[in-house]
Amino acid sequence: MGPLYLFELASSQARWLELRQSTIAANVANANTPGFKARDVEPFNKILDAAPVRLALTSPAHIQLSAVDSDTRATTKKDSWDVVHSGNSVSLEQEMTKGGEVNRDYSMNAAIVRSFHRMLLSGVKV
Amino acid sequence: MLDSLQASLAIATSGLEAQSTRMRIVSENLANANATGRAPGSDPYQRKTVTFDGEMDRAAGAQLVKIKDVGVDHTPFRVEYDPGHPAADKTGYVKLPNVNMMIEMADMREVNRSYEANLQVVKQVRSMVGMTIDLLRGA
């Protein structure tokens with residue numbers, strides 16, 4: 001069994017959730033802008049599964065770009081619930097649902113990080 | 001570039017600002033719904049309209065919203081026969097503003113809904129930041 005990078009995984013999911021929250025905020029703010037197309041980010045499992053070309057680190061001064069930073073970008077989504085006459089495809093109900101989802105996932109993520117931390121501490125404190 | 005959560009707050013705030021400007025225009029229209037001109041035959045208050053535009057803030061890496069333009073509605077004025085009115089023309093007709101109460105009310109409801117949605121985003125971001133801070137506190 002290979003090593004599990006628990007904190008790395010948890011923090012990249014947290015970053016992904018933050019980015020998703022920021023695209024939701026942009027959608028909601030532009031809910032009345034004519035011609036604005038609602039956007040979403042790539043699903044997290046798709047980012048994890050994809051093996052992107054990484055930059056090699058040959059010096060400690062190089063900055064590591066994680067998969068989340070390089071691959072998470074807003075894409076135009078095609079499954080919007082409604083498109084109004086002005087060409088705006090933001091559905092407030094859908095955005096609110098997504099916002100609740102992000103919030104729930106983030107809360108689970110924080111709980112998991114806390115339990116990892118307790119695990120590590122229990123190892124140290126013996 | 002801002003942190004994603006800070007960017008979310010900036011975006012939601014720009015949304016709140018845009019919707020409150022729109023509310024101001026709606027209330028201006030409602031307040032002036034019966035404002036006629038002074039001189040005989042002169043034009044009354046003309047209904048104002050507001051348009052939004054998406055704006056990419058490159059420094060913050062965020063898609064904000066801003067007021068593009070406050071324009072005027074060019075639909076024809078209502079006319080009413082009232083020869084005694086100071087703004088009546090020679091034939092006795094007075095021009096009244098082209099403000100339709102029903103349209104303004106519908107617009108007001110929409111402003112309310114959008115404002116609420118932006119506020120909800122702010123609340124969610126706040127709770128996410130709170131959860132992150134609680135990680136430090138609880139450990």
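Our focus in this paragraph is helix H4 (residues 92–124) of chain A. For H4 of chain A, spanning 33 residues, the distance from its first C-alpha to its last is 48 Å, which sits close to the expected 48 Å at 1.5 Å a residue. All of the buried residues along H4 of chain A are Leu 92, Gln 94, Glu 95, Lys 98, Gly 99, Val 102, Asn 103, Tyr 106, Asn 109, Ala 110, Val 113 and Phe 116 of chain A.

Looking now at the packing of helix H1 (residues 6–29) of chain A against H4 of chain A. Residues and elements named next belong to chain A. Across the interface, H1 lies against H4 with an axial gap of 9 Å and an inter-helix angle of 160 degrees. It follows that H1 is roughly antiparallel to H4 by the angle criterion. Note on packing geometry: the crossing formed by H1 with H4 is left-handed. Tallied by class, the residues present in the contact of H1 with H4 amount to 14 nonpolar, six polar and six charged.

All right, on to the interface of chain B and chain A then. Taken residue by residue, the interface counts 31 residues in chain B and 28 residues in chain A. Taken over both partners, the interface formed by chain B and chain A buries close to 2500 Å², and the fraction arising from carbon and sulfur atoms is 62%. One salt bridge in this structure joins Glu 93 of chain A and Arg 113 of chain B, with 3.3 Å as the shortest N-O distance. There are nine residue pairs in polar contact (both at pLDDT 80 or more) connecting chain B and chain A. If you list the elements that add at least two residues to the side of chain B that touches chain A, you get helix H1 (4–31), strand E1 (48–57), strand E2 (62–72) and helix H2 (101–138) of chain B.

As a rule of thumb, nonpolar side chains are buried together in soluble globular proteins. Counting residues in each nonpolar core, the largest one holds 35 residues, and the members touching the most others are Trp 16, Val 28 and Tyr 106 of chain A together with Ile 11, Ala 62, Val 121 and Met 128 of chain B. Of all the secondary-structure elements, those providing two or more residues to this core are H1, helix H2 (44–49) and H4 of chain A together with H1, E2 and H2 of chain B.

Cut-off values and rules
- Residues numbered from 1 in each chain as written.
- Chains lettered and ligands numbered in written order.
- Predicted model: local features only at pLDDT ≥ 70, side-chain atom pairs only at ≥ 80, totals over all residues.
- Heavy atoms only, no water.
- Helix = DSSP H or I, 4+ residues; strand = E, 2+ residues; numbered from the N terminus.
- Expected span 1.5 Å × (residues − 1).
- Buried < 20%, exposed > 50% of the residue type's maximum accessible area, 1.4 Å probe, protein only.
- Axes fitted to C-alpha atoms, helices over the stretch in contact; angles between N-to-C directions.
- Parallel < 35°, antiparallel > 145°, perpendicular 65-115°, else oblique.
- Left-handed = near helix turned anticlockwise from the far one by under 90°.
- Nonpolar A, V, L, I, M, F, W, Y, C, P; charged D, E, K, R; others polar.
- Contact = heavy atoms within 4.5 Å.
- Buried area = accessible area lost by both parts, 1.4 Å probe.
- Salt bridge = Lys/Arg side-chain N within 4 Å of Asp/Glu carboxyl O.
- Polar contact = N/O pair within 3.5 Å; in protein donor to acceptor, adjacent residues only side chain to side chain.
- Core = buried A, V, L, I, M, F, W, Y, C linked by side-chain atoms within 4.5 Å.

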